[in-house]
Amino acid sequence: MSKYFSIAFGIGSKNKKSEWLEVCYPAPLFQPDDKLLTAIQLSIELKGGNEVIELNAKQAKNCAKEIAAIDEHQANILTSLIGDKPLVLCALEKDEAPSSTPETYLKLQLLSHRLVKPRSINLNGMFPLLPNVAWTNQGAIDLGELQERQIAARLSGEVLEIKSIDKFPRMTDYVIPSGVRIAHTARIRLGAYLGEGTTVMHEGFVNFNAGCEGPNMIEGRISAGVFVGSGSDLGGGCSTMGTLSGGNEVVISVGKDCLLGANSGLGIPLGDRCTLEAGLYVTGGSKVEVLDEKGTKVDTVKAATLAGKSDLLFIRHSITGAIQCRTNKSAISLNEELHSHN
Amino acid sequence: MSKYFSIAFGIGSKNKKSEWLEVCYPAPLFQPDDKLLTAIQLSIELKGGNEVIELNAKQAKNCAKEIAAIDEHQANILTSLIGDKPLVLCALEKDEAPSSTPETYLKLQLLSHRLVKPRSINLNGMFPLLPNVAWTNQGAIDLGELQERQIAARLSGEVLEIKSIDKFPRMTDYVIPSGVRIAHTARIRLGAYLGEGTTVMHEGFVNFNAGCEGPNMIEGRISAGVFVGSGSDLGGGCSTMGTLSGGNEVVISVGKDCLLGANSGLGIPLGDRCTLEAGLYVTGGSKVEVLDEKGTKVDTVKAATLAGKSDLLFIRHSITGAIQCRTNKSAISLNEELHSHN
Amino acid sequence: MSKYFSIAFGIGSKNKKSEWLEVCYPAPLFQPDDKLLTAIQLSIELKGGNEVIELNAKQAKNCAKEIAAIDEHQANILTSLIGDKPLVLCALEKDEAPSSTPETYLKLQLLSHRLVKPRSINLNGMFPLLPNVAWTNQGAIDLGELQERQIAARLSGEVLEIKSIDKFPRMTDYVIPSGVRIAHTARIRLGAYLGEGTTVMHEGFVNFNAGCEGPNMIEGRISAGVFVGSGSDLGGGCSTMGTLSGGNEVVISVGKDCLLGANSGLGIPLGDRCTLEAGLYVTGGSKVEVLDEKGTKVDTVKAATLAGKSDLLFIRHSITGAIQCRTNKSAISLNEELHSHN
């Protein structure tokens, strides 16, 4: 049992106004050992609550010395961070709504380090705390300081490459989870959760506070808030509706061993072992013909009614044009299930 | 009133044959003040017409001195450009078809600096003027000079990263418009117009001579020539037919406050407040059932007939498979409108 | 006639355990001249079979001297490779299943150098021979050696940019084929075959052992094993089912002068001059109404039946929702063709 939600040592970047642009925590801790907390407090005063404490080199060295016997790895990490960049201890007593940039960055990194699952932590009000930053080959740069640096780079025969201008950096600039393949790192935002055994192909995408359990083959888009169960594959270019992008109140998720076909789209949560035909977009409002194990039409329902059920195959009939849902259940059990909420 | 269409100071790159590869103009002017033109002419002779004048360091210093009182910002920009790279003044008296690489680059940068709107300037015959270039972390490189530099980089433990081999560079290597977020800069070509308040997500794409008014959320593809009105959202992976890619003679555009659903596609111009269902591709030749405010079918028309009209919702009926267009108009007014051109 | 399948000089990277991460062969040879083989053997012993022979600087210099009279280009390449990086001669007597990392890399480069066509060489068992590598701006890095280098880079104000974590690198870090445009190099894997005159736009993608004859406009995804004939265009976001991704046993291919519309999908091989409507996904199991030259429905067949036939237009009827295939053939010849296998 830990007294704290999370603590982490990190180094970050600030703009010329001394405002935080980002913080990188190489080895954040979730529910840290109380002994470590006690050791930290020998050199750093924790007031309780959620704190971001900047450390100078001397403080960091002292702290590393105090904690070395308890947690050698953290001591080594802390020592390796000492240098010219701002160094912080971010200590979160509780999982409250974040109130600063370093705190928000810690929470995103807890997700990508697989220490917490998507949708399990409090990220309320995080957007204004994330500055819009130019992510470049020279690190994070404040947008107001960009043009002069670009001209200077050009004149010296270099390119100041701006990879993105965004509130979120690439995950791999902060966290490299074990056992994954990521064909194109530009498409994974910090805050994504990629379970062991995940392959994200070039057309795959994973937003923050979203991800997959692993193993998974992801060639489609996992929108913010969406989570995909183990063994499920997302085909090339498939879409999942996110809470930020049209999924509204309903949280989209995909169970285990599902297949979303290439260029398909999902607007309802799926249970396990479901298949969505390539090219078919099913939204909650789509009317769907439900067929039993013998292929007989049993009912016509809104797709939302089928949310979360397992062993479904969704197709659009190629002659009638109707969206159909086939199951491996008999007409009787199917009818009961469909109308159990009526 | 200005005597000139545009002038700009820039620095560029040439290959070993002294042919232009590209030119960057940090602060181009559209319809420049006549006083500035007069001041420039104190040190540089403008012959009229469209000119690209290379300046040596002395000429540039003199020119900067002459214009400092009229336009301090331009004087500072010009001074900051003095160095080893070829330095030019590009002066375009009229908006004629471009006749050189530096001139074409200026026009593309006028678009991305939001000084002119897509489809408002003369870009005829521009393609042969844009050399196919390797865009690398060491700047623009002629394709013929690439392999030896790649081997040399490898031997020294570096990578000469080739980001693209294309006639168009990334917009953000030249222009960073204010008030935008661009999740992946590789997907915005120079010549794109991104209005204030635009967010382009990872799956978004904007070609040259195309863009959006802002604010907009762009998660789909804005093809060459397509313009999107303010408040409209393009869902993930949606497609707009461009003049280069199947839209033929019809110019596709999207009005205000529209929504193109994820994985949808648009082959006709839309008015304001229109919605295209996720996953539905509507082309000009698609036959569409038109329903009135009560949901009664009033007519069946080609989608091209509905071009530019407002307040339309396009769906594919999930049971009959028919593409339908619902409006908020009565059958009578709808019929009149549909057949007003018969 | 050559006694060997392929030989090539290359330089590569190893991890700290001296395991190969990758090898780059700037100028591999397919079916090399026997005279060159003889000259090589004056300084290097070839035992026959498939060999990877590491050369020190002295051996490389000697070999370059021996072969200079026979093949000056190879001698120059070999000389240019001498330095600090591991230098190898990879000599493959026969096209057998690869048995090492350098051998697999050679085969992938034969494809991208257009020396062999996709599906024409033996790549069996290659996956375990390709290590999962972090591809960075500092070259290939073993995943286990990554974190310490990232922290070190950050502290020195740099970014160790990880472009991908994958078994395959980008093609353009190894091979730049002539006469191509590649809008975004991250989307072309080593082992792709891009014929002369190919343009791959931002949304295009080409996997290994796959590609196109050229000239082609590729704005969609060419999956592993898929080959596209000359003059065919793949519209934005279109999908081709690959042997790794749902195409199963059937090898998908596209003939000459075809058009796959934007956001369409292909699950059967196409002949020449076929068109797939934008937004339509045709799989082998789709039932399709076949219409003759007059638009009369002649038959309803599984799409797989139409595999490889030419001059077909696939659409989904926008009112009935049925997938239809229109041809320019009469009902009689069409019926004969459709039922010739019955």
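Predicted model, so just to flag it, every value in this text is computed and none were measured.

## Quick notes on the relation of the copies chain C and chain B
Between chain C and chain B, which share one sequence, the superposing operator has a rotation angle of 120° and an axial displacement of 0.0 Å; the RMSD is 0.0 Å. Taken together, the turn and the small shift mark the pair as related by a three-fold rotation axis. Proximity to the rotation axis, assessed at the C-alpha, singles out G321 of chain C in chain C; its C-alpha lies 2.3 Å from the axis.

## With respect to the environment of V298 of chain C
Along the polypeptide, V298 of chain C turns up in strand β25 (residues 297-302). Residues V298 of chain C and L334 of chain C, spaced 36 residues apart in sequence, show a C-alpha to C-alpha distance of 7.9 Å.

## Description of the interface of chain C and chain B
Each side of the interface is counted separately: chain C has 43 residues, and chain B has 43 residues. Its largest share of buried area at the contact with chain B, chain C owes to R181, H202 and I319 of chain C, together 19% of the area lost on that side. Where chain C touches chain B, the interface holds 4 salt bridges. R187 of chain B is paired through a salt bridge with E203 of chain C; the nearest N and O atoms lie 2.4 Å apart. Inspection of the region where chain C meets chain B yields 19 residue pairs in polar contact (both at pLDDT 80 or more). Per-class residue counts for the side of chain C that touches chain B are 15 nonpolar, 18 polar and 10 charged.

## Quick look at the sheet that holds strand β16 (residues 227-228) of chain A
All names here are of chain A. Here we have 4 strands laid out as an open sheet, ordered β10-β13-β16-β19, and parallel in their pairing. Edge positions in the sheet fall to β10 (192-194) and β19 (253-254), since each has one partner strand and no second. In the sheet, β10 pairs with strand β13 (residues 210-212) via 3 bridges, with the strands oriented parallel. By the bridge assignment, Y193 is partnered in β13 with G211.

## Notes on empty space enclosed by the protein
In total, this model carries 10 cavities of 30 Å³ or more according to the counting rule given. Size it by volume and the largest cavity reaches roughly 140 Å³. Every residue lining the largest cavity is counted, 16 residues in all, and those nearest its centre are G237 and N263 of chain A, N263 of chain B together with G237 and N263 of chain C. Taken together, the residues that form the lining of the second largest cavity break down as 1 nonpolar, 5 polar and 9 charged.

## Quick word on the side chain of K309 of chain B
Residues and elements named next belong to chain B. Within the element layout of this structure, K309 appears in the loop between β25 (297-302) and β26 (312-316). Since its relative accessible area comes to 15%, K309 is described here as buried. Not counting chain neighbours up to four residues away, the residues in contact with K309 comprise L270, G271, D272, C274 and E337.

## Thoughts on the packing of aromatic side chains
The tally for this structure, following the rule as stated, stands at 18 aromatic pairs over all chains. Between F168 of chain A and F208 of chain A the ring centres are 4.5 Å apart and the planes differ by 20°, which places this aromatic pair in the stacked class. Taken together, the residues span a long stretch of sequence, with F168 of chain A in the loop between β8 (162-166) and β9 (181-182) and F208 of chain A in the loop between β12 (205-206) and β13 at a distance of 40 residues. Of the residues examined, F168 of chain A reaches a relative accessible area of 2% and is grouped as buried. With centroids separated by 5.9 Å and ring planes inclined at 75°, the aromatic side chains of F127 of chain B and F168 of chain B adopt a geometry described as edge-to-face. Taken as a pair, F127 of chain B in the loop between α4 (101-112) and β6 (133-136) and F168 of chain B in the loop between β8 (162-166) and β9 (181-182) lie far apart in primary sequence, 41 residues in all. According to the relative accessible area criterion, F127 of chain B is partly exposed, its value standing at 30%. An aromatic cluster is present here, built from F127, F168 and F208 of chain A joined pairwise through their rings. In this arrangement the basic side chain of K14 of chain C is found over the ring face of W20 of chain C, its NZ or CZ atom lying 4.6 Å from the centre.

## As for the state of the cysteines
Residues and elements named next belong to chain B. In this structure the tally under the stated criterion is 0 disulfides over all chains. Here C258 stays unpaired: no disulfide links it, and the sulfur of C274, its closest cysteine neighbor, is 4.7 Å away. Taking relative accessible area as the criterion, C258 reaches 3% and is therefore assigned buried.

Rules behind the numbers
Here, residues in each chain are numbered from 1, in the same order as that chain's written sequence. Going through the entries in the order they are written, you letter the chains from A and number the ligands from 1. Side-chain atom pairs in this predicted model are given and counted only at pLDDT of 80 or more, local residue features only at pLDDT of at least 70, and totals for whole chains, interfaces and linings cover all residues. Hydrogens are left out, water is left out, and the side-chain values use all remaining heavy atoms of the structure. A least-squares superposition brings the copies together, and it is based on the C-alpha atoms of residues with pLDDT no lower than 70 in both. Secondary structure elements follow DSSP: runs of H or I no shorter than four residues count as helices, runs of E no shorter than two count as strands, and numbering proceeds from the N terminus. Residues are treated as being in contact if the distance between any of their heavy atoms lies within 4.5 Å. Summed over both partners, the accessible surface that disappears when two parts come together, traced with a 1.4 Å probe, is what is meant by buried area. By definition, a salt bridge exists where a carboxyl oxygen of Asp or Glu is found within 4 Å of a side-chain nitrogen of Lys or Arg. Counting of polar contacts relies on pairs of N or O atoms within 3.5 Å, with two restrictions inside protein: one atom must be capable of donating a hydrogen and the other of accepting it, and residues adjacent in sequence are counted only when both atoms are side-chain atoms. Ten residue types, Ala, Val, Leu, Ile, Met, Phe, Trp, Tyr, Cys and Pro, are classed as nonpolar, four, Asp, Glu, Lys and Arg, as charged, and the remainder, Gly among them, as polar. Strand pairing is assigned whenever DSSP detects at least two bridges linking the two strands. Every definition here rests on a 1 Å grid over the protein atoms only: cavities are sets of points where a 1.4 Å probe fits but cannot get out, pockets are open sets enclosed by protein on both sides within 12 Å along at least five of seven lines, and lining residues have some atom within 4 Å of a point. Grid points are joined across faces, edges and corners, and a volume is the space filled by probe spheres set on the points. Note on exposure labels: buried denotes an accessible area under 20% of the residue type's maximum, exposed denotes more than 50%, and partly exposed covers the range between, all computed with a 1.4 Å probe on protein chains only. Centre distance within 6.5 Å is the pairing criterion for rings of Phe, Tyr and Trp, where only the six-membered ring of Trp is used; planes under 30 degrees apart are then read as stacked, over 60 as edge-to-face, and the remainder as tilted. Charge-over-ring placement is defined geometrically: NZ (Lys) or CZ (Arg) within 6 Å of the ring centre, and within 35 degrees of the ring normal. In this description, a disulfide is simply a cysteine sulfur pair whose atoms lie within 2.5 Å.

Take it as geometry only, folks, not as evidence of what the structure does.
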